[in-house]
Protein chains: 2
Amino acid sequence: MQGIDKVLQEEILQRIARLQEQLQKHGAAAFLVTQHVDLYYLTGSMQAGFAFIPAHGDATFYVRRSIWRAGEETAVRVEPLTSLRAFRGLLERDYPEVFAEAGQSLVATEYDVLPVQTYSKLADILTAGGRCTMIDGSAFIRRVRMTKSPWEIGRIEAAAQVAAEALEEAAGRIREGMTELELMARIEYEIRIRGHIGVMRTRSYNMEVTTGMLGSGEAAAIPSAFDGPAGGLGLGPAAAQSASRKPIVRGEPILLDIGCCIDGYIIDQTRTAVIGGLSDELAEAYAQSEAIIRKTEQMLRPGAACDAIYAAALAQADQAGLSRHFMGYGADQVKFLGHGIGLELDEWPVLAKGFSDPLVPGMVLAVEPKFTFPGKGVVGIENTYLVTDTGPRALTRSPEGLIVLP
Amino acid sequence: MQGIDKVLQEEILQRIARLQEQLQKHGAAAFLVTQHVDLYYLTGSMQAGFAFIPAHGDATFYVRRSIWRAGEETAVRVEPLTSLRAFRGLLERDYPEVFAEAGQSLVATEYDVLPVQTYSKLADILTAGGRCTMIDGSAFIRRVRMTKSPWEIGRIEAAAQVAAEALEEAAGRIREGMTELELMARIEYEIRIRGHIGVMRTRSYNMEVTTGMLGSGEAAAIPSAFDGPAGGLGLGPAAAQSASRKPIVRGEPILLDIGCCIDGYIIDQTRTAVIGGLSDELAEAYAQSEAIIRKTEQMLRPGAACDAIYAAALAQADQAGLSRHFMGYGADQVKFLGHGIGLELDEWPVLAKGFSDPLVPGMVLAVEPKFTFPGKGVVGIENTYLVTDTGPRALTRSPEGLIVLP
């Protein structure tokens, strides 16, 4: 433990200021931060507790445990929180403008992740006396987190380097008859010893991912609950996605959609491998996925609308006669081309219908055109990009192209 | 995919019947199941959607995706759910006694895990027209899941076997200078190739665990946000628990609190290792942890109160002059001795103050007496037990005793 990095300390204060702009814009008096990832983003620490960020003034991190550790890690003032009952008194003391004055204050929190039970307890405390009302601030925080700083980009690049090294190391070990699970275990080992934190965080309820989706041949094409273009057979109904015990066979596509998480930041990438070669049908579809990502790159510029990028990819798949196979098959198709990524796998923006927001510099997006062929497999590519003033910069470091193994 | 096992199919109908008893007892008309783990428990499938379980009659699994896969996996009737808007109509058609009749029905759901945003959307649909009211059913489902069937015990035993094999394999590779992370990566590799599903599920908000807590010497004694007796230095503020890049040193305790998850079911266990030998102080504390687990075993019988078991362990630690070190140190002590375990790491009951419920046969508990010495390390033991009519049966398979390496 050596205290918080000075660059990061400055940056956290800037993040708080950006959230405060959102609060002011929407007439909210404060944000109560409860989720561990949001706490890390806005304080520098993931210790247990709640951060209170007023629309104007300094934030406080009320910590249950570990208080000592939070003090070492955070950029904001730390106060011990001995019990939920004591919370109201601390807030009234520290933020009289929100709690002790006349009138109605709006206090935002994360309705998208906060469970009803915890919410109810907190809302009872905050709204006691009728001085404040709770509102949904999920969008405020997701919007602030949408654009990344150079410090954050550095972390994602570090994750990209680890993913590239692990993939190279593992790809050399792929053999006929090796099971998907054996290959997955090897890749996970390679990312873990390089510093992968061991979890991939997601924001959506019930969304779960180990390190990604690995699947070969027909097993990869089996649909799942996971909101992504490939599902996978998995290890049974309690782990019904990604790698299974199916042996890898010559001539079938091996989809390697594997990310990792370094210092909290996630990279997502996909490469397709094959022992021997693909059938013409699958080889052509793979080539189309690269063609779509090339076209998408041309559109990944500030001002471009997310839904227009998605529509262009759909049209391109359609023109190639592959619309039924694009991003899943038939009824199990998913309705997006890519997604924001950072501390969580499923950040904003989303390259999908209904997301009309324009791209801005600093956004980071994983773009993943894929084609699913039931009974045969899934092929595709995925890169993570940073949107810059001059166009996209690929953060993914693995070489492109089909990985052909002897 | 080969459809659901007949034994499991019968069992799921029994689980539903047990939940229905809870509903009837509390005057609720139905349970809306939303969380993926609860869905798996009550339908056999973890596909995306909602299960509706009336207090009397048959359950339905309304599936968004994959419908085909849910049909293969589940023991209950499957209906496609094309949109949330369509949900109300389906429910009125299938459960007129809950939605279409006069009067007030209570519909329970999981307030402990369901985020406010998703809850609000669902509650709007269900309570439209004023025919029903939502209530918190978390306790109903947690109570049903608290006692395990022979089928479930079999899964936990399979996980115990994998954890034991992985620990034996990895312990033989521990060397001076090896980092905690390298050892953790090796153990995780060994459990993964044996079928660990790659995640350890938890129910509590913000609770996160990779495969457990591995820490050596002073690094293990660093407190964390995690609600357990050992924290760990971790890989930085974004992964502030468990294994770090600290090298393992001769003579310091290596805490190996590592579980795994097979077919959705978790085993939790802890062993303490050392290269060379422990100091007298730590060796004595380790011996006390075994003494406490022996005493606890004598109390793990049907009818025993959870809080009494915890109080007895506290008294025993106190008698040994170790109360300040028990279950964490000083302000960072946690207030329990053990916890229920099954599909999630943090199930009921808890061996803690305030849990006065008596033990009943079929409960599975991880019991983990540990002692923390700041600057020196953490020592302890943890076994998972099944409560039977004749006393506890250890499900953990790793041999007990300090693991002494040359």
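Residues numbered from 1 in each chain as written. Chains lettered and ligands numbered in written order. Predicted model: local features only at pLDDT ≥ 70, side-chain atom pairs only at ≥ 80, totals over all residues. Heavy atoms only, no water.

> Would you take a moment to explain the overall build of chain A for this structure?
The secondary structure content of chain A amounts to 12 helices and 19 strands. In terms of overall size, chain A behaves like a compact globule, its C-alpha atoms giving a radius of gyration of 23 Å where 406 residues would be expected to give roughly 22 Å. Along the first, second and third principal axes, the C-alpha atoms of chain A reach 70 × 40 × 40 Å. For chain A, the residues scored as buried account for 63% of the 406 residues in total. (Helix = DSSP H or I, 4+ residues; strand = E, 2+ residues; numbered from the N terminus. Rg over C-alpha atoms; globule rule 2.2 N^0.38 Å. Buried < 20%, exposed > 50% of the residue type's maximum accessible area, 1.4 Å probe, protein only.)

> Help me understand the relation of the copies chain A and chain B, please; the structure alone is not making it clear to me.
Superposition record for chain A on chain B: RMSD 0.0 Å, screw rotation 180°, translation along axis 0.0 Å. Taken together, the rotation angle and the small translation identify this as a two-fold axis. Rotation axis and chain A: the residue whose C-alpha lies nearest the axis is P115 of chain A, separated from it by 2.0 Å. Mapped onto chain B, 100% of the interface residues of chain A again fall at the interface, so both copies present the same surface. (Least-squares fit on C-alpha atoms with pLDDT ≥ 70 in both. Contact = heavy atoms within 4.5 Å.)

> I'm lost on the domain arrangement of chain A in this one. Help?
It is common to give the size of an interface as the accessible area that goes away when the parts come together. Residue and element names in this part refer to chain A. Domain boundaries assigned for chain A yield domain 1 (6–144) and domain 2 (147–405). In this complex, domain 1 contributes 20 residues to the contact, which on the side of domain 2 involves 13 residues. Between domain 1 and domain 2, roughly 1400 Å² of surface is buried when both sides are summed, and carbon and sulfur atoms account for 50% of that area. Linking domain 1 with domain 2 are two salt bridges, by the criterion used here. (Domains from an automatic or database assignment. Buried area = accessible area lost by both parts, 1.4 Å probe. Salt bridge = Lys/Arg side-chain N within 4 Å of Asp/Glu carboxyl O.)

> Any chance you could explain the sheet that holds strand β19 (residues 403–405) of chain B here in plain terms?
In sheet architecture, strand pairing relies on hydrogen bonds along the backbone and comes in two forms, parallel and antiparallel. All names here are of chain B. Taken together, the four strands give an open sheet; going across it, the order is β7-β8-β11-β19, and neighbouring strands pair in mixed fashion. Two strands bound the open sheet, and with one partner strand each, they are β7 (212–216) and β19. The mean angle between the axes of side-by-side strands here comes to 20°, regardless of whether they run parallel or antiparallel. Pairing analysis gives three bridges linking strand β11 (residues 270–275) to β19, with the strands arranged parallel. What sits directly across from A273, in β19, is I403. Across the face of the sheet, helix α9 (residues 180–193) comes into contact with β7 and β8 (254–258) while running at roughly 145° to β7. (Pairing = 2+ DSSP bridges. Axes fitted to C-alpha atoms, helices over the stretch in contact; angles between N-to-C directions.)

> Quick question: what am I supposed to make of the sheet that holds strand β4 (residues 77–80) of chain B here?
Residues and elements named next belong to chain B. Pairing within the open sheet is mixed, and its six strands lie in the order β4-β3-β2-β1-β5-β6. With one partner strand each, in any of the chains shown, β4 and β6 (132–136) form the two edges of the open sheet. Shown here is a sheet whose adjacent strand axes are inclined to one another by a mean of 25°, direction ignored. The pairing of strand β5 (residues 105–109) with β6 spans five bridges and is classified as parallel. Note that in β6 the partner of S105 across the bridge is C132. In the packing of helix α1 (residues 6–25) onto the sheet, the strands contacted are β1 (30–33), β2 (48–54) and β5, and the crossing angle to β2 comes to about 60°. Along the sheet, helix α6 (residues 116–127) makes contact with β1, β2, β5 and β6, crossing β6 at roughly 145°.

> How should I be thinking about empty space enclosed by the protein in this particular structure?
Summary: where empty space remains is shown by rolling a probe the size of a single water molecule over the atoms. Applying the stated criterion to the full structure yields six cavities of 30 Å³ or more. Considering only enclosed or pocket space, the largest cavity measures out at about 1100 Å³ in volume. As for the largest cavity, its lining consists of 50 residues, of which T202 and M207 of chain A together with T202, M207 and E208 of chain B are closest to the centre. Of all elements in the fold, only α9 (180–193) of chain A together with α2 (36–43) and α9 of chain B reach the threshold of two or more residues within the lining of the largest cavity. Counting residues per element, the lining of the largest cavity draws most heavily on α9 of chain A, at five residues. Here the lining of the largest cavity is built from residues that sort into 20 nonpolar, 18 polar and 12 charged. (1 Å grid on protein atoms, 1.4 Å probe; cavity = no way out; pocket = protein on both sides within 12 Å on 5 of 7 lines; lining within 4 Å. Points joined across faces, edges and corners; volume = space filled by probe spheres on them. Nonpolar A, V, L, I, M, F, W, Y, C, P; charged D, E, K, R; others polar.)

> Help me out: how do you make sense of the pairing of strand β2 (residues 48–54) of chain A in this one?
Along a regular strand, successive side chains alternate from one face of the sheet to the other. Residue and element names in this part refer to chain A. Summarising burial for β2: seven of the seven residues are buried, a large majority. Direction of pairing for strand β1 (residues 30–33) relative to β2: antiparallel, over a ladder of four bridges. Counterpart to L32 in the pairing with β2 is F52. Sheet analysis places β2 next to strand β3 (residues 60–65), joined by five bridges and oriented antiparallel. By the bridge assignment for β3, A48 is matched with R65. Where β2 hands over to β3, the hairpin turn is made up of five residues, of which G57 adopts a positive phi near 105°.

> Whenever I open this one, the UniProt feature "domain: Peptidase M24" (unreviewed entry) in chain A confuses me. Can you help?
UniProt's feature table lists "domain: Peptidase M24" (unreviewed entry) at residues 155–389 of chain A, given in the numbering used throughout. Strand forms 20% of residues 155–389 of chain A and helix 29%; the C-alpha atoms that close the span are 20 Å apart. (UniProt positions renumbered as here; feature names shortened; annotations may be inferred.)

> I tried to follow the packing of helix α11 (residues 280–299) of chain B against helix α12 (residues 306–319) of chain B on my own but got confused; where do I start?
Geometry of a packed helix pair, given as the angle between the helix axes and the separation of the axes. Residue and element names in this part refer to chain B. Where α11 contacts α12, the axes come no closer than 10 Å and their chain directions differ by 150°. Between α11 and α12, the angle falls in the class roughly antiparallel. Viewed along their axes, α11 and α12 form a crossing whose handedness is right-handed. For the pair formed by α11 and α12, the contact residues are Q288, A291, I292, K295, T296 and M299 on the first element and A308, I309, A312, A313, Q316 and A317 on the second. Each residue belonging to the contact of α11 with α12 can be placed in one class, and the counts come to eight nonpolar, three polar and one charged. (Parallel < 35°, antiparallel > 145°, perpendicular 65-115°, else oblique. Left-handed = near helix turned anticlockwise from the far one by under 90°.)

> Can you walk me through the interface of chain A and chain B in this structure?
Residue-level contacts link 67 residues of chain A with 67 residues of chain B. Considering only the surface of chain A that becomes buried against chain B, R65, R192 and Y205 of chain A emerge as the three largest contributors, covering 14% of it. Summed over the shared surface of chain A and chain B, the number is four salt bridges. We note a salt bridge from R192 of chain B to E188 of chain A, for which the minimum N-O separation is 2.6 Å. Put simply, chain A and chain B have 42 residue pairs in polar contact (both at pLDDT 80 or more) between them. Of all the elements in the fold, those that place two or more residues in the side of chain A that touches chain B are α2 (36–43), α3 (67–73), α6 (116–127) and α9 of chain A. It is α9 of chain A that contributes the most residues to the side of chain A that touches chain B, nine residues altogether. Partitioned by chemical class, the residues of the side of chain A that touches chain B number 31 nonpolar, 19 polar and 17 charged. (Polar contact = N/O pair within 3.5 Å; in protein donor to acceptor, adjacent residues only side chain to side chain.)

> How should I be thinking about α11 of chain B in this particular structure?
Every α-helical turn comprises 3.6 residues, leaving residues that sit three or four positions apart pointing alike. Under the 1.5 Å per step criterion, the end-to-end length of α11 of chain B is 29 Å for 20 residues, consistent within 8% with the ideal 28 Å. Residues L282, A285, Y286, Q288, S289, E290, I292, I293, T296 and E297 of chain B constitute the buried set of α11 of chain B. (Expected span 1.5 Å × (residues − 1).)

> What am I meant to see in the packing of aromatic side chains here?
The description of an aromatic ring pair uses the distance of the two centres, along with the angle that the planes make with each other. Residues and elements named next belong to chain A. In the structure shown here, the tally under the stated rule is 15 aromatic pairs over all chains. A ring pair is formed by F50 and F87, whose centres lie 5.5 Å apart and whose planes are at 25°; its orientation type is stacked. A residue pair is termed long-range when its members are at least 10 positions apart, and F50 in strand β2 and F87 in helix α4 (residues 87–94) qualify at 37 residues. Classification of F50 by relative accessible area gives buried; the value is 8%. Under the relative-accessibility criterion, F87 is labelled buried at 0%. Ring pairs connect the aromatic residues F50, Y62 and F87, which therefore count as one cluster. (Phe/Tyr/Trp six-rings, centres within 6.5 Å; stacked < 30°, edge-to-face > 60°.)

> Looking at this structure, how should I read the environment of Y385 of chain B?
All names here are of chain B. Position of Y385 relative to the elements: it lies in strand β17 (residues 383–388). With a relative accessible area of 2%, Y385 lands in the buried category. It is 17 Å that separates the C-alpha atoms of Y385 and D357, two residues lying 28 residues apart in sequence. A polar contact of 3.1 Å, which involves the side chain of Y385, links it to the side chain of N383.

> Any chance you could explain the environment of T60 of chain B here in plain terms?
All names here are of chain B. Mapping T60 onto the fold places it in strand β3 (residues 60–65). Once the C-alpha coordinates of T60 and I254 are considered, the two residues, 194 residues apart in sequence, prove to be 49 Å apart. Beyond its immediate chain neighbours, meaning those up to four positions away, T60 contacts F50, A51, F52, V76, R77, E79 and Y95. In terms of polar contacts, T60 uses its side chain to reach the side chain of Y95, at 2.6 Å.

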